[in-house]
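These are the residues of each chain, in order.
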Amino acid sequence: MAKHKKHTGRPSSDLDAFLSELSHATPDRRRELHVLLQGRLTDPGQLADSPALPASHPLRRQAALVQRLFNAVTTAPLPPG
């Protein structure tokens, strides 16, 4: 899986294929895939928006939360001073 760049509103097909494998993997393979994902995913928005996992999947929900929090802290106005 190649390193992903800035979120463009639609995850790459490579990530979709990877996540599709993740959703059907054995427990041992799922652990391997989680390690790979941790080291290579640079934009949680890609995972949050991917149709390869159901919207209720824990990884997808957590990625959406991380993306919302990141957006909140990087777009909020700075306090004076």
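Residues numbered from 1 in each chain as written. Predicted model: local features only at pLDDT ≥ 70, side-chain atom pairs only at ≥ 80, totals over all residues. Heavy atoms only, no water.

**Q** Which residues make up the environment of Gly45, and what values go with them?
**A** Here Gly45 lies in helix H3 (residues 44–49). Put simply, Gly45 and Ala63 are 18 residues apart on the chain and 6.5 Å apart in space, counted from C-alpha to C-alpha. (Helix = DSSP H or I, 4+ residues; strand = E, 2+ residues; numbered from the N terminus.)

**Q** Could you give an account of the environment of Leu53, naming the residues involved and the relevant values?
**A** Relative to the elements of secondary structure, Leu53 occurs in the loop between H3 and helix H4 (58–75). For Leu53 and Ser20, which are 33 residues apart along the polypeptide, the C-alpha to C-alpha distance reads 6.7 Å.

**Q** Residues and numbers for the packing of helix H1 (residues 13–24) against helix H2 (residues 27–40), please.
**A** Remark: H1 packs on H2, axes separated minimally by 9 Å, with the N-to-C direction vectors making an angle of 150°. Looking at the two axes, H1 sits roughly antiparallel to H2. In this structure, H1 contributes Leu15, Phe18, Leu19, Glu21 and Leu22 to the contact, and H2 contributes Arg29, Arg30, Leu33, His34, Leu36 and Leu37. Taken together, the residues of the contact of H1 with H2 break down into seven nonpolar, one polar and three charged. (Axes fitted to C-alpha atoms, helices over the stretch in contact; angles between N-to-C directions. Parallel < 35°, antiparallel > 145°, perpendicular 65-115°, else oblique. Contact = heavy atoms within 4.5 Å. Nonpolar A, V, L, I, M, F, W, Y, C, P; charged D, E, K, R; others polar.)

**Q** Just give me the short version of the pattern of salt bridges, but keep the residues and values in it.
**A** Tallied over the full model, the rule gives three salt bridges. The closest approach of N and O atoms between Arg29 and Glu21, which form a salt bridge, is 2.8 Å. By relative accessible area, which is 29% here, Arg29 ends up partly exposed. With its nearest N and O atoms 3.0 Å apart, the salt bridge here joins Arg29 to Glu32. Pair noted here: Arg29 and Glu32 are both in helix H2, with a separation of three residues, about one helical turn. Of the residues examined, Glu32 reaches a relative accessible area of 43% and is grouped as partly exposed. Through salt bridges with shared partners, a single network forms among Glu21, Arg29 and Glu32. (Salt bridge = Lys/Arg side-chain N within 4 Å of Asp/Glu carboxyl O. Buried < 20%, exposed > 50% of the residue type's maximum accessible area, 1.4 Å probe, protein only.)

**Q** Describe H4, with residues and values.
**A** Between its first and last C-alpha atoms H4 spans 26 Å; for 18 residues at 1.5 Å apiece the expected length is 26 Å, and the two agree. Taken together, the buried positions of H4 are occupied by Leu59, Arg60, Ala63, Ala64 and Gln67. Along the axis of H4, the buried positions cluster into a sector of 135°, meaning they face one direction only. Relative to its buried face, H4 has exposed residues pointing more than 90 degrees away, namely Arg68, Leu69 and Val73. Elements in contact with the buried residues of H4: H1, H2 and H3. (Expected span 1.5 Å × (residues − 1). Arc of directions from axis to C-beta.)

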